[in-house]
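# Breakdown of the fold
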Amino acid sequence: MAGAPATVASLRTALDARAVSARELVERALARAAALEPRLHAFVSMRPEAALREADEADAHLRAGGPRSALDGIPVAIKDNIAQAGEPCGCASRILEGYVSPFDATAVARLRAAGAIVVGRTNMDEFAMGSSTEHSTHGPTRNPWDPARSPGGSSGGSAAAVAAGVVPLAFGSDTGGSIRQPAAFAGVTGAKPTYGRVSRYGLVAFASSLDQIGPLARTAEDCALALDVVSGHDPRDSTSLPEPPTRCREALDGRAAGLVLGLPREYLAADGGDPAVLRAVEEAARELEKAGASLREVSLPHTRYAVATYYLVATAEASSNLARFDGVRYGRRASGARTLTELYERSRSEGFGAEVKRRILLGTYVLSAGYYDAYYRKAQQVRALLRRDFEAAFEGCDALLTPTAPEVAFALGERTADPLRMYLSDVYTVSANLAGVPALSVPCGLAHGLPVGLQLVGRARDDGTPLRLADAFQRRTGFHLLQPELCA
Amino acid sequence: MSAYEAVVGLEVHVHLATRAKLFCACPVTYGDPPNRSTCPVCLALPGALPVLNERAVELAMRAALALHCKVSTHSVFARKNYFYPDLPKGYQISQYEEPLGAGGWLDVQPDGAAAPRRIGITRIHMEEDAGKSIHEGSGPGTRLDLNRAGVPLVEIVSEPDLRSAEEAGAYLRALQGILRAVGASEADLEKGHFRCDANVSLRRPGGPLGTRTETKNLNSFRAVEGAVRSEIARQREVRERGGEVRQATLRYDLERDKIQVMRVKENADDYRYFPDPDLVPLALAPERIEAARAALPELPDARRARFEASYGLPESDARLLVASRELADFFEAAAKAYPAPRSVANWLLRDVAAALREAGRGLDETALRPDHVAALARLVDAGRLTPASARGLLPELLSAGGDVEAFVRERGLGAVSDAAVLEAVVADVLAEQPKAVATFRAGDEKALHFLMGQVMRKTKGQADAKQVRELLRARLGAGG
Amino acid sequence: MSRIGRAEVERIGRLARLRLDASEADALARDLDAILGYVDQLAALDTAGVAAASTVVPIATPLRADEPARSDAREPVLARAPDREGDAFLVPPVLEGEEEG
């Protein structure tokens, strides 16, 4: 594929000008998937007939009266843990084999009402537990930049689908960095909204107090358009923010002047990871300075406890959230079980992969009698301290700038034997989930020929400022336009 | 004389009278086909989330206030994690460290007790019910019906202040009366609205608490009383033998009046409680709590005391009248229409109650109205209607209602008290029954009853009994 | 000194209804031990008087009106249920002692 990659914004213009039809866009997406998927493996399933039908409906709609939204007629992909009525919702797990969701996630209902066309469901780490998309029952997704490498995780399929140009927009979920880190590894833009901004109804829960659905696309502008469609209060989600959300696209005025960027010293320490990554991030900071932002060093003193806190809270909640997967009412049931205990134990042991089991066990342990206070309660207290760190830092700046990950994409198979090492790659992303603040990743260069991600973090409820900064950065640089060779 | 004192605490699970479930909009139904009333939330489908029912909060608050609990301005829903097929999520949403209410009490006075005793209420919290496991069917296996999964409950935990089976029964009846009075629950045991677990232990007076056993899922007053009685006896027997009571979960067989050990508990269950991250703490403004407290209707105890004081009713009658809010309301309306409360109370508690039993219906399932009872009582007290005639009208009033005065008039039911008429009838009877007359004069009082009966028969029960008796005695005494 | 051994892993596994063979349990014990060793650093942190974070972004209690509504989810779910008898889900018989926990 030659030329600049298609964005939602550019396709909107083309659709509205009738230079292209929704059907053609879906056909292109399906064709590109057919060509790349055998190698890339970004998707777990596609829905070509339904997508083409919906494309025709979108075209009719566009002819009759104009677009329902910025996403009308745009082909998109959704992660396999986001429910769509009538479609399988497998979470890349054996235990959900055969399960078809009878209801739409609220985010999906909003996308469909806006005219977006879901062409397929993307691969992920099972139940969103992982940072490499290697813990999938369908096998790994490959990084379009280097097929021997991971695209990151757990939304690796969504990141790869966008990076490879199959769809201009995909949705993933982020619990500890699962949108941002794959966005960084795959060289695309990915945003995790403020906790509660996007409804979790229909997102299969991993860690309820940390999960959010968010977009992955080429540009901050596209992410903003996507967020504007899916954001907003949902009476079906008790953790959904009650007030109307700020409009993200309107915040993108291209200006960084007057904004203060905080650089947390704990995230930019010299021993914090690959020096090439750090250099790219520092250059990006200077670029934003040239654009008018001022830089200031800040401190988030409890950063070193963030990964430990995250793994205690997240696994505890997950151990409880995954108890419903028992082979009783839906999904895969172990055959020939003669007692209830056998049914539970075999269905779950046969149905869950090793990483999921590991986290369920850890979570069960930290909640169990005698350990609750030392582990879970303690972690929730440290979480409060982490939140205070952010609040204090934001008194002196408008957004934080950090690397998204301490490294570039690692090789497939390199980390799977060492779970703790895998967890540590989330060190820069988990705090935003723990504090509930919005955070995104934009491509800011290459290191060793692989994409580097720049993370921007905002105050709770201020999703606009990180997007505005990201957009200002993208208007002045071209890293988000870089595409891996398989596209060229 | 036992060396041991029984220490009994009750945990009662009560269905709140809402139309929809606690965390989803499924209707609360009884007798629906299996799984008719389910949705993604109560089926625990992936991605489903709970949202709290406002009315359940209101009713739970009323129950807490009526039990004199302190209602928390900040209570927290917590997950109680365990695996059982009628628990679809693999956890129950309940409340643990921060319940809705705590520190309340209830006065209890079993029949025969000289004075009421105050029983402490440790806590009251909100939680969702589980579904039903059905073991009988066309083959082996257990069938799951999730219609009940998610129905709102409050769990009411008493302090271990009860000392006998009788007190346990009285506690439950009082609790039921209060819950019905404030509209929190129909509390109908037969419908399964009200389930009880009993915790029993023994101790030497002044000594430490003994090991506690738990008897679960008692769903009638008789079952609770029987279970508590049996378990106290069983534990006493074990201790007197020198044995040790082991911590266990028990079941009570009502038919055989026997306690069965279901499971000896070695370890405490590890439910891994933690605050439910899908829900936000329940914040209740103090003003809202006060408004709910002020809006509580008169509770049974207070009403009983008022009936005794204002209406001059004996305590036993007052107690019976306030057992049901419908009955108490009915009584007050009737007593307003005819201000002779003791007479009205008598009618309600004896003849009306008998007629209801006969008809197999509850008070609010009939056409009988307070005005009817007021009219009957007034007419009988005025001597214009005999009690028998009044009783005779009840079946029709129950099934179809009507105008009592009109009935009396149209059917000539008026008490016959015209002396001339009665004298004539008495004379006839005495002439027709020479044997009875002789028997009476020989000293047998029973013959008088017989002769009265004959007069009543001739007057179709409408003769004024007092007058008839006087006339008979006068004639019989006069010798002819 | 290991914090968690095979027996403990098996106990937790039973609580979580996971069946682990001996080598799995050993491997998991090693993994969990390493992870717990890492998270133990939280113990050194002074959190006296810090209230546990109760809501992520504080909001008022959302409440729902008591309006019943039927859902059409049950048909498709029952149709694909692993086992059923009529409209009820079916599981192997529940034994004594399998209740709770």
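How each quantity is defined
- Residues numbered from 1 in each chain as written.
- Chains lettered and ligands numbered in written order.
- Predicted model: local features only at pLDDT ≥ 70, side-chain atom pairs only at ≥ 80, totals over all residues.
- Helix = DSSP H or I, 4+ residues; strand = E, 2+ residues; numbered from the N terminus.
- Rg over C-alpha atoms; globule rule 2.2 N^0.38 Å.
- Buried ≥ 20, exposed ≤ 12 C-beta atoms within 10 Å, placed from the backbone.
- pLDDT = per-residue confidence, 0-100.
- Contact = placed C-beta atoms within 7 Å.
- Pairing = 2+ DSSP bridges.
- Axes fitted to C-alpha atoms, helices over the stretch in contact; angles between N-to-C directions.
- Left-handed = near helix turned anticlockwise from the far one by under 90°.
- Nonpolar A, V, L, I, M, F, W, Y, C, P; charged D, E, K, R; others polar.
- Core = buried A, V, L, I, M, F, W, Y, C linked by C-beta atoms within 7 Å.
- Right-handed = clockwise from strand over helix to strand, strands pointing away.

### Concerning the overall build of chain A
Along the backbone of chain A there are 15 helices and eleven strands. In terms of overall dimensions, chain A is globule-like: its C-alpha atoms have a radius of gyration of 21 Å, near the 23 Å expected for 488 residues. Summarising its shape, the C-alpha atoms of chain A cover approximately 65 × 55 × 45 Å along the three principal directions. Looking at chain A as a whole, 67% of its 488 residues are labelled buried.

### Some thoughts on the overall build of chain C
Check the secondary structure of chain C and you find three helices and three strands. The secondary structure elements of chain C, listed N-terminal to C-terminal, are α-α-β-α-β-β. In terms of C-alpha radius of gyration, chain C reaches 22 Å, well past the compact-globule figure of 13 Å for 101 residues. With 101 residues in all, chain C has 29% of them scored as buried.

### Re the confidence of the model for chain C
On average, residues of chain C score 89 in pLDDT, and 92% of them are at 70 or above. Note on the complex model: pTM 0.90, ipTM 0.97.

### A word on the environment of L45 of chain B
Its place among the elements puts L45 of chain B in the loop between β1 (5-15) and β2 (52-53). What makes L45 of chain B buried here is the crowd of 24 C-beta atoms within 10 Å. Apart from residues no more than four positions distant in its own chain, L45 of chain B is found in contact with P40 of chain B together with A73 and V77 of chain C.

### Considering the sheet that holds strand β9 (residues 132-134) of chain B
Spatial strand order, β9(B)-β10(B)-β3(C)-β2(C): four strands in an open sheet with antiparallel pairing. Edge positions in the open sheet fall to β9 of chain B together with β2 (84-85) of chain C, since each of these has one partner strand only. In terms of strand pairing, β9 of chain B meets strand β10 (residues 142-145) of chain B through three bridges, oriented antiparallel. Bridge pairing links K132 of chain B to D145 of chain B in β10 of chain B.

### Examining the packing of helix α13 (residues 434-441) of chain B against helix α14 (residues 446-458) of chain B
All names here are of chain B. In the contact formed by α13 and α14, the axes pass within 8 Å of each other and the chain directions differ by 150 degrees. The way α13 lies across α14 gives a crossing that is left-handed. Between α13 and α14, the residues in contact are A436, T439 and F440 and A447, L448, F450 and L451, respectively. Of the residues that constitute the contact of α13 with α14, the class distribution is six nonpolar, one polar and no charged.

### So, the interface of chain C and chain B
Chain C puts 35 residues into the contact, and the matching count from chain B is 44 residues. For the side of chain C that touches chain B, the elements supplying multiple residues, two or more each, are β1 (63-64), α3 (74-79) and β3 (88-91) of chain C. By residue number, the principal contributor to the side of chain C that touches chain B is β3 of chain C, which donates four residues. Its residues assigned to classes, the side of chain C that touches chain B shows 18 nonpolar, seven polar and ten charged. Where β2 of chain B lies against β1 of chain C, two bridges are found, and the strand directions are parallel. Each bridged residue has a counterpart across the sheet, and for L52 of chain B the counterpart in β1 of chain C is L63 of chain C.

### Description of the interface of chain C and chain A
Across the contact, 42 residues belong to chain C and 56 residues belong to chain A. Counting only elements with at least two residues in the side of chain C that touches chain A, the list comes to α1 (6-15), α2 (22-39), α3 and β3 of chain C. The element best represented in the side of chain C that touches chain A is α2 of chain C, accounting for seven residues. When grouped by side-chain class, the residues that make up the side of chain C that touches chain A number 33 nonpolar, three polar and six charged.

### Considerations on the sheet that holds strand β15 (residues 258-264) of chain B
All names here are of chain B. The mixed open sheet is built from nine strands, whose spatial order is β3-β7-β8-β11-β1-β12-β13-β14-β15. Strands with a single pairing partner mark the edges of an open sheet, and in this sheet they are β3 (70-71) and β15. As judged from the five bridges shared by β1 and strand β11 (residues 152-158), these two strands associate in the antiparallel manner. Bridged to E11 within β11 is V157.

### Here's the deal with unusual backbone geometry
Residue and element names in this part refer to chain A. S154 follows G153 through a cis peptide bond whose omega is 10 degrees. Following the sequence through the fold, S154 ends up in the loop between β3 (117-122) and α5 (156-163). We note that R18 has phi near 60 degrees; this positive angle belongs to a residue other than glycine. Here R18 is to be found in the loop between α1 (8-16) and α2 (22-40). On the neighbour-count criterion, R18 (10 C-beta atoms within 10 Å) is exposed. In this model, A128 sits at a positive phi of 70 degrees, which is unusual for a non-glycine residue. Note on placement: A128 falls in the loop between β3 and α5.

### Considerations on the pairing of β15 of chain B
Residues and elements named next belong to chain B. One ladder, built from six bridges, connects strand β14 (residues 248-253) with β15; its direction is antiparallel. Bridge pairing in β15 places D253 opposite K258. Joining the antiparallel neighbours β14 and β15 is a turn of four residues, in which D257 adopts a positive phi near 50 degrees.

### Description of the nonpolar core
Counting residues in each nonpolar core, the largest one holds 277 residues, and the members touching the most others are V76 and I117 of chain A together with A60, A63 and Y171 of chain B. Those residues in contact with Y171 of chain B, other than ones at most four positions away along the chain, are L10, L106, V108, I119, S158 and L162 of chain B. Core analysis: the second largest hydrophobic core is formed by 49 residues, F330, L348, V352 and L385 of chain B among them.

### Thoughts on the pairing of strand β2 (residues 75-79) of chain A
Residues and elements named next belong to chain A. In terms of burial, β2 is largely enclosed, as five of its five residues are buried. Alternating positions in β2 separate into two faces, P75, A77 and K79 on one and V76 and I78 on the other, with burial throughout. Where β2 meets β3, five bridges bridge the pair, whose relative direction is parallel. In the strand pairing of β3, V76 is matched with V118. Read from β2 through helix α4 (residues 106-113) to β3, the crossover connection turns out right-handed.

### So, the environment of P277 of chain B
Position of P277 of chain B among the secondary structure elements: in the loop between β16 (274-275) and β17 (282-283). The spatial distance from the C-alpha of P277 of chain B to the C-alpha of A78 of chain B is 8.4 Å, given a sequence separation of 199 residues. Other than its neighbours up to four places away in sequence, P277 of chain B contacts S208, S209 and E317 of chain A.

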